[in-house]
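A structural walkthrough
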Amino acid sequence: MNKADQIIQAESPALNPAERIRQLLHNRHFLYVVSIVLFLLLWDFLAFYKITGKFLPRPIEVYRQFEYLLFNTLAGKTLLEHLWCSLRRVLIAFVIAVVVGVPIGVLMAMNKYANAIIKPIFDLFKPMPPIAWISLAILWFGINETSKIFIIIIGAIVPCIINSYNGIRLVDESLNEAIKMLGANRRQEILEVVFPASFPAIFAGIQISLSMAWTTVLAAELVGAREGMGFIIITGMNLTRPALIICGMVVIALTSWLISLLVGYLERWVCPWRTEL
């Protein structure tokens, strides 16, 4: 065998078209792009032929509305300024919900007396939608930032408490038994087993809490707001401008997605042992 033949055999064989397609179909990033493109095409088809009525704008109209708001003002603020107003409210309420909700859930799960006292009250208030608190929020705090942040906290704190509570309670008992057999005390059991094992559930609650915070920001900004993404959406509804409404919705969705990515990176750093699906 000459040197040229050896080089040819050493090189990896070229993939045929079927193999390339198979590899693409197993690439999740490619599938993400395909999913988004198909969604936009379906959306444009429905809007162009007015299948769902005349109030569904085409994607290009929403983009033009986004571009206009980016460089022009609505109620004295640009799109980024409105976004910052909503983002500030969401982040303040989200941090408060996590700082308060996670310890409450952990305390309920680890202390039977705290569970007996707190859980009945929590179960009573848990089903109440955040929007039901708007009237009381206005009476208590007036039409200002405090009332808006309060409403968002009401929506965001529930997932934190529930997932922290269940995350502690559902830790595999065999893990506790194993560390006890190694001579660990109660403090070591909690710090070395219970908390690490419950972190994935707690972070899942934090992710849901973040989504709920963005869900309730629209309700919160119904309380006399003159700025924010909720204000943009409500203005679009009042002016019958569906492109403005969907523009606000898309900006909220993209911002929430980016923050969720950051929380996901934090989760992987705090608990790298969690299972990737």
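Our subject in this report is the structure included herewith. (Residues numbered from 1 in each chain as written. Predicted model: local features only at pLDDT ≥ 70, side-chain atom pairs only at ≥ 80, totals over all residues. Heavy atoms only, no water.)

With respect to the layout of surface pockets
To be explicit about the condition: Both site types are read off a 1 Å grid over the protein atoms alone. A 1.4 Å probe that fits but cannot get out defines a cavity, while an open set with protein on both sides within 12 Å along at least five of seven lines defines a pocket; lining residues have an atom within 4 Å of a point. Grid points are joined across faces, edges and corners, and a volume is the space filled by probe spheres set on the points. Labels follow the DSSP assignment, with helices taken as runs of H or I lasting at least four residues and strands as runs of E lasting at least two, numbered in each case from the N terminus. All residues other than Ala, Val, Leu, Ile, Met, Phe, Trp, Tyr, Cys, Pro, Asp, Glu, Lys and Arg, Gly among them, are scored as polar; the first ten of these are nonpolar and the last four charged.
In this model, the second largest pocket occupies a volume close to 260 Å³. Along the walls of the second largest pocket sit 13 residues, with Ile 121, Phe 122, Phe 125, Lys 126 and Ile 157 positioned nearest its centre. Those elements giving two or more residues to the lining of the second largest pocket turn out to be helix 6 (112-125) and helix 8 (145-169). No other element matches helix 8, which puts five residues into the lining of the second largest pocket. Classifying every residue of the lining of the second largest pocket gives twelve nonpolar, no polar and one charged.

Notes on the nonpolar core
Here is the rule: Nonpolar cores were defined as sets of buried Ala, Val, Leu, Ile, Met, Phe, Trp, Tyr and Cys residues, with membership established by side-chain atoms within 4.5 Å. Classification of residues uses two cut-offs on accessible area relative to the type maximum, computed with a 1.4 Å probe and protein chains only: under 20% is buried, over 50% is exposed, and between them is partly exposed. Any pair of residues with heavy atoms lying within 4.5 Å of one another is described as a contacting pair.
Residues Leu 69, Ile 206, Leu 210, Trp 214, Met 229 and Ile 232 are the most contacted members of the largest nonpolar core, which totals 58 residues. Those elements giving two or more residues to this core turn out to be helix 3 (28-48), helix 4 (59-71), helix 5 (79-110), helix 7 (134-141), helix 8, helix 10 (186-220), helix 11 (229-238) and helix 12 (242-270). Ranked by residues supplied to this core, first place goes to helix 8 with twelve residues. When sequence neighbours within four positions are dropped, the list of residues in contact with Ile 232 reads Leu 69, Leu 74, Leu 79, His 82, Leu 244 and Gly 248.

Describing a nonpolar patch on the surface
What counts here: Residues enter patches when they are more than 30% accessible in relative terms and free of salt bridges; like-charged ones are connected within 9 Å and nonpolar ones (Val, Leu, Ile, Met, Phe, Trp, Tyr) within 5 Å. The Shrake-Rupley method, run with a 1.4 Å probe sphere, supplies the accessible areas, and residue values consider only the shown protein chains as cover. Each salt bridge in this description consists of a side-chain nitrogen of Lys or Arg and a carboxyl oxygen of Asp or Glu lying within 4 Å of one another.
There is a patch of nonpolar side chains on the surface, built from Val 250, Leu 254, Trp 257, Leu 258, Leu 261, Leu 262 and Tyr 265 and spanning about 710 Å² of accessible area. Tracing the sequence through the fold places Trp 257 in helix 12.

Observations concerning the packing of aromatic side chains
Selection criterion: In this scheme Phe, Tyr and Trp rings, the latter by its six-membered ring, pair at centre separations within 6.5 Å, and the angle between planes marks the pair as stacked below 30 degrees, edge-to-face above 60, and tilted otherwise.
Applying the stated criterion to the full structure yields nine aromatic pairs. On the numbers, 6.0 Å between centres and 50 degrees between planes, the contact of Phe 39 with Trp 43 is tilted. One end of the pair is Phe 39 and the other is Trp 43, both in helix 3 and four residues apart, which spans about a single turn. With a relative accessible area of 13%, Trp 43 lands in the buried category. Measuring from centroid to centroid gives 6.3 Å for Trp 140 and Phe 141, while their planes differ by 85 degrees, and the two rings are edge-to-face. Here Phe 141 falls in the partly exposed class, since its relative accessible area comes to 32%. Taken together, Phe 125, Trp 133, Trp 140, Phe 141 and Phe 150 form an aromatic cluster joined through their ring pairs.

A word on the side chain of Ser 164
For Ser 164, the location among the structural elements is in helix 8. In this view, Ser 164 contacts Val 102, Gly 105, Val 106 and Ile 202; residues no more than four positions away in its chain are not counted.

Here we look at the environment of Val 100
Tracing the backbone through its elements, the reader meets Val 100 in helix 5. Given the relative accessible area of 36%, Val 100 is considered partly exposed. Between the alpha carbons of Val 100 and Ser 256 there is a distance of 21 Å; along the sequence they are 156 residues apart.

Topic: the packing of helix 6 against helix 8
The relative placement of two packed helices is expressed as an angle between their axes plus a distance between the axes. Using the following cut-off: Helix axes are fitted to C-alpha atoms over the stretch in contact, other axes to C-alpha atoms as well, and angles between N-to-C directions run from 0 to 180 degrees. With respect to orientation, any angle under 35 degrees is reported as roughly parallel, any angle over 145 as roughly antiparallel, any angle of 65 to 115 as roughly perpendicular, and every other angle as oblique. What makes a crossing left-handed is the near helix being turned counterclockwise from the far one by less than a right angle; a clockwise turn instead makes it right-handed.
Contact geometry for helix 6 and helix 8: axes closest at 13 Å, N-to-C directions at 140 degrees. In terms of axis orientation, helix 6 runs oblique to helix 8. Crossing of helix 6 against helix 8: the hand is left-handed. Contacts between helix 6 and helix 8 involve Asn 115, Lys 119 and Phe 122 from the former and Val 158, Ile 161, Ile 162 and Tyr 165 from the latter. Its residues placed into classes, the contact of helix 6 with helix 8 shows five nonpolar, one polar and one charged.

Digging into the pattern of salt bridges
The final tally for this structure, using the stated rule, is seven salt bridges. For the salt bridge of Arg 58 with Asp 44, the shortest nitrogen-to-oxygen distance reads 2.7 Å. In this pair, Arg 58 sits in the loop between helix 3 and helix 4 while Asp 44 sits in helix 3, placing the two residues 14 residues apart along the sequence. Classification of Arg 58 by relative accessible area gives partly exposed; the value is 27%. For Asp 44, a relative accessible area of 22% puts it in the partly exposed group. In this structure, Glu 145 engages Arg 89 in a salt bridge whose closest nitrogen and oxygen atoms are separated by 2.8 Å. Residue Glu 145 is located in helix 8, and its partner Arg 89 is located in helix 5; the two are separated by 56 residues in the primary sequence.

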